[in-house]
Every structure is written in C-alpha cells, then in structure tokens.
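Inside the fold
In case you want the letters, here they are:
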Amino acid sequence: MERFRGVDILGLMLGGLCLVEAVVGLALQPGYRAMFNDFQTTLPLLTRVMLQPVTLVVAGVGPLLLIAEGVLKKRSEVAQVARCVVALCAVIGLVVAFVAAIYLPIFTLAGRIE
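From a predicted model like this one, the values you see are computed outputs, not experimental measurements.

1. Here we look at the overall build of the protein
Secondary structure summary: the protein contains 4 helices and 0 strands in total. Relative to the globule expectation of 13 Å for 114 residues, the C-alpha radius of gyration of the protein, 18 Å, shows a markedly less compact shape. Long-range contacts, defined as pairs at least 24 residues apart, comprise 78% of the intrachain contacts of the protein with a sequence gap of at least 6. Summed over all atoms, the accessible surface of the protein reaches about 7200 Å², with 72% contributed by carbon and sulfur. Here the protein contributes 9 positive and 7 negative side-chain charges, whose respective centroids are spaced 7 Å apart.

2. Description of unusual backbone geometry
In the Ramachandran plot, Gln40 falls in the positive-phi region, its phi being about 50° despite a non-glycine side chain. Its location among the elements puts Gln40 in the loop between α1 (6–37) and α2 (45–50). Looking at Gln40, the relative accessible area reads 75%, which means it is exposed.

3. Quick look at a nonpolar patch on the surface
A cluster of nonpolar side chains, Met35, Val95, Val99, Tyr103, Ile106 and Phe107, forms an exposed patch at the surface whose accessible area comes to about 520 Å². Ranked by the residues each element gives to the nonpolar patch, the list is headed by helix α4 (residues 77–111), at 5 residues. Locating Val99 in the fold gives a position in helix α4.

4. Digging into helix α3 (residues 53–72)
Compared with the 28 Å implied by 1.5 Å per residue over 20 residues, the 28 Å span of α3 between its first and last C-alpha is a close match. Considered for burial, the residues of α3 that qualify are Leu56, Gly60, Pro63, Ile67, Gly70 and Val71. Contacts from the buried residues of α3 go to α1, α2 and α4.

5. Re the packing of α3 against α4
Look at α3 against α4: their axes get within 9 Å of each other, and the N-to-C directions meet at 170°. Considered as vectors, α3 and α4 are oriented roughly antiparallel to each other. Residues Leu56, Ala59, Pro63, Leu66, Ile67, Glu69, Gly70 and Val71 of α3 touch α4, and the partners they reach there are Gln80, Arg83, Cys84, Val86, Ala87, Ala90, Leu94 and Phe98.

6. Here's the deal with the environment of Ile9
Residue placement: Ile9 occurs in helix α1. For the pair Ile9 and Cys84, spaced 75 residues apart in sequence, the C-alpha separation works out to 9.8 Å.

7. Thoughts on α4
In a regular helix each residue adds 1.5 Å, so 35 residues correspond to 51 Å; α4 covers 49 Å between its end C-alpha atoms and thus fits that length. Maximal helix bending in α4 amounts to about 30°, located at Tyr103; proline Pro105 follows within four positions. Buried residues belonging to α4 abut α1, α2 and α3.

Conventions used here
- Residues numbered from 1 in each chain as written.
- Predicted model: local features only at pLDDT ≥ 70, side-chain atom pairs only at ≥ 80, totals over all residues.
- Heavy atoms only, no water.
- Helix = DSSP H or I, 4+ residues; strand = E, 2+ residues; numbered from the N terminus.
- Rg over C-alpha atoms; globule rule 2.2 N^0.38 Å.
- Contact = heavy atoms within 4.5 Å.
- Areas by Shrake-Rupley, 256 points an atom, 1.4 Å probe, with all protein chains shown as cover.
- Lys, Arg positive; Asp, Glu negative; His and termini not counted.
- Charge placed at Lys NZ, Arg CZ, Asp CG, Glu CD.
- Buried < 20%, exposed > 50% of the residue type's maximum accessible area, 1.4 Å probe, protein only.
- Patch = residues over 30% accessible without salt bridge, like charges linked within 9 Å, V, L, I, M, F, W, Y side chains within 5 Å.
- Salt bridge = Lys/Arg side-chain N within 4 Å of Asp/Glu carboxyl O.
- Expected span 1.5 Å × (residues − 1).
- Axes fitted to C-alpha atoms, helices over the stretch in contact; angles between N-to-C directions.
- Parallel < 35°, antiparallel > 145°, perpendicular 65-115°, else oblique.
- Bend = angle between axes of the 7 residues up to and from the residue.

Written out as structure tokens, the structure reads:
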C-alpha cells in the first residue's frame, strides 16, 4: 500500500474543512432566511447567492474533489500544493462571503434609518 504524502494529507484536511463549513452554513441558512423575510426588502445579491443551498454545496464539495483528484491521480507535489492553496482560499473565502452576506442586509437597512 502506498503512503500518502504530507501535502496530500494537508489538502484532504483543507478540503474536509470546506465541507464542514458548508454543512454548518446549510444548518444556519434557514434561520437567516426567516430573519431576512421579516425585512420586507430586496436583499443584496451576495446575500441571495449565499442563501442558496447549492452555493454552499458547491463551495464545500468543490475543493475536496479537487484535492481528491490530485491524490487519486498522483499529481506532482507542486500541483498538489497548488490545489492546497486553492482549498485554503476556498476555506477563507467561504467564511468571508458568508459573514459579509449575513451582515450586508443589516448594514443596508441601518443606513436607511434617519
């Protein structure tokens, strides 16, 4: 049996973290969706996109599949490091996008208060 390289393990951990983030986001979405329905206003595009379950599924599964493909096809270490960088950007990007999407309607509504 062939051993995993360190970069493969790191990549799979990052991909798994993306998947966990997506699951947590999917669990939180219904509460935020219900709260934003009370706003009775058009939500910003980022918020509407992040409240779609498919967005979080793709954001969670995509990096994991990318890393897994590199492991299964035994890509070079440089190629696998590049996949890890993409997965890390996805981990950070998913958190930033979700937080921004949640606060954006609140800031927009607060800006209309006179």
